[in-house]
Amino acid sequence: MSSKKRLPWIDYAKGIAIILVVYRHVIMGIEGSGLYDGGILKNLNEAVYSFRMPLFFILSGIFVRRSLKKRGVFGFAKYKFNTLLYTYFIWAFISISLQLIFSNYVNSNRGPIYYLYILILPGAVEPFWFLHTLFTTAILFIILEKYIKPSNNFLLIISFILYLCSGLISENWLGIKDICFYFLFYIIGILFQDFTSEGKYKDILFHKSTLWGLLPLFIINQLYWFYHSGYDDLNRFSDIESIWDKIVFIEIAVVGSFFLMSVSFFLSKSDNLKVLRIIGNHSLYIYIMHIMISSLVRTICIRFFNIDDALLLLIIGITIATFLPILVYKLTNKMGLWFLYSLENPSVKTSVQPEITPKFS
């Protein structure tokens, strides 16, 4: 997709967010290896943990209606299957297979049952559950859009109800708990696009005063998140139990997402950090490969180079796990292995105009 058909600030936002995702998983891997037992590196990760995944759902919802109008219901569903659910199946299978083969060298404890979990318990297949959840939230939206034709208020209400009900679901079979939880943020992205369709609203939301106004609230929220004992070592946001904590989390996640979106907008205006655009443009491929690559890098550093410094391992891990997937993606595409990422051959032109969306949407 040509960069001219993309919105640079979205790539900046996804670039920052995916680096934070890589950071979290790299530091968790180092901790799992017994080389780090907590401290400032882990605390920094926990402090900015609250808004990353909701941000991806918000950004993914921004151009849904435009895509649906352009592709039609069947074309839209097919496109999402080809680029999300198919990718989920392929890379979850690859990841589990590698973890079984190299079980003596990785922290995770996987068994053959995880092949079945790909189908029935996607939440157990880290980190690929996200692709499954993003696909199903998109399908849920188009079902509502086609058969109910809901107003924006109805969408917000029904997604909020599902969000609250996610806490009543004890088992995450077929990812239903995650779907109910994240559908709200997907809808927020859709409503955000509707709200900013008129230039005056966009000018307000992406004004410098808005950025500086969100900053103190963002800091307060992250401090609250970090020091709130109920959030200690939380592995899944959908496991937040109390109604009050769920409501507070909406505010924390939305403010954090909008603040990062605002920061990304102004970064894109100067475009001095183009590397973030490149990272954001390839965020999907970084996401599906970063845990496998960071695990390999960590093992090599420890076993062959005797590196046991947590900070050095973190820097090396984040750097390689961020940029190597981009290289792997480009090389495999040149080798004709495009089917590793989608059922749609990117070199084959279709009659549908390309979306003005990031590849992660």
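Preceding this section is the structure that the text describes.
Read on for a plain summary of the structure. (Residues numbered from 1 in each chain as written. Predicted model: local features only at pLDDT ≥ 70, side-chain atom pairs only at ≥ 80, totals over all residues. Heavy atoms only, no water.)

Re the overall build of the chain
Quick reminder of the rule: Per the convention used, a helix needs a DSSP run of H or I reaching at least four residues, while a strand needs a run of E reaching at least two, with both numbered from the N terminus. In this description the radius of gyration comes from C-alpha coordinates, and the expected globular size is given by 2.2 Å times residues to the power 0.38. Think of it in three bands: with a 1.4 Å probe and only protein chains considered, a residue is buried below 20% of the maximum accessible area for its type, exposed above 50%, and partly exposed in between. We call two residues in contact whenever any of their non-hydrogen atoms come within 4.5 Å of each other. Under the convention used here, a 1.4 Å probe and the Shrake-Rupley method define accessible areas, while residue burial counts only the protein chains that appear. When charges are tallied, Lys and Arg are placed among the positive residues and Asp and Glu among the negative ones, while His and the ends of the chain are skipped. Throughout, a charge is located at the NZ atom of Lys, the CZ atom of Arg, the CG atom of Asp or the CD atom of Glu.
In terms of regular secondary structure, the chain is built from 14 helices and zero strands. Put simply, the chain runs from its N terminus to its C terminus through helices and strands in the order α-α-α-α-α-α-α-α-α-α-α-α-α-α. Whereas a compact globule of 361 residues would reach a radius of gyration of roughly 21 Å, the chain reaches 20 Å, a difference of no more than 12%. Based on the C-alpha atoms only, the size of the chain along its principal axes is roughly 55 × 50 × 45 Å. Looking at the 361 residues of the chain, the share that counts as buried comes to 52%. Restricting the contact set of the chain to residue pairs at least 6 apart, pairs at least 24 apart contribute 80%. Element-wise, carbon and sulfur atoms account for 67% of the exposed surface of the chain, whose accessible area totals about 17000 Å². When the 32 basic and 22 acidic side-chain charges of the chain are each reduced to a single mean position, those positions are 14 Å apart.

Examining the packing of helix 4 (residues 64-101) against helix 13 (residues 283-305)
What counts, and what does not: What counts as an axis is a line fitted to C-alpha atoms, over the stretch in contact for a helix, and the angles between N-to-C directions run from 0 to 180 degrees. In these notes the angle categories are as follows: under 35 degrees is roughly parallel, over 145 is roughly antiparallel, 65 to 115 is roughly perpendicular, and the rest is oblique. Left-handed describes a crossing whose near helix is turned anticlockwise from the far helix through less than a right angle; right-handed describes the clockwise counterpart. Charged residues are taken to be Asp, Glu, Lys and Arg, nonpolar residues to be Ala, Val, Leu, Ile, Met, Phe, Trp, Tyr, Cys and Pro, and polar residues to be all remaining types, Gly included.
Contact pair helix 4 / helix 13: the axes reach a minimum separation of 10 Å and the direction vectors enclose 15°. The angle between the axes of helix 4 and helix 13 places the two elements in the roughly parallel class. Handedness of the helix 4/helix 13 crossing: right-handed. Each of T83, T87, W91, I94, S95 and L98 in helix 4 lies in contact with helix 13, whose residues at this interface are L284, I288, M289 and M292. Along the lines of polarity and charge, the residues of the contact of helix 4 with helix 13 split into seven nonpolar, three polar and no charged.

Focus on helix 1 (residues 8-32)
Formally: One fewer than the residue count of a helix, multiplied by 1.5 Å, yields its expected span.
Along its 25 residues, helix 1 runs 36 Å from first to last C-alpha, staying within 8% of the 36 Å computed at 1.5 Å per residue. Count one or two residues on from helix 1 and you reach G34, which has phi positive near 85°.

What to know about the side chain of H132
With respect to the helices and strands, H132 occurs in helix 6 (residues 129-147). Take H132: its relative accessible area is 9%, and that puts it in the buried class. Residue contacts for H132: discarding those within four places in its chain leaves L85, Y88, P122, L174 and G175.

Description of the state of the cysteines
Put simply, the rule is: When two cysteine sulfur atoms lie within 2.5 Å, the pair is treated as a disulfide.
Following the criterion strictly, the structure yields zero disulfides and no others. Of all cysteine sulfurs, the one in C165 lies closest to C180, which takes part in no disulfide; the gap is 7.1 Å. The exposure class of C180 is buried, given its relative accessible area of 8%.

A word on the environment of S33
Rules: In the analysis that follows, any N or O atom pair within 3.5 Å is treated as a polar contact, provided that within protein one partner can donate a hydrogen and the other can accept it, and provided that, for residues neighboring in sequence, both atoms belong to side chains.
Structurally, S33 is set in the loop between helix 1 and helix 2 (40-47). Remark: the alpha-carbon pair of S33 and I16, spanning 17 residues in sequence, is separated by 26 Å. Setting aside residues no more than four positions away along its own chain, S33 makes contact with N107, R298 and I302. Polar contacts involving the side chain of S33 include one to the main-chain carbonyl oxygen of G29, which spans 3.0 Å.

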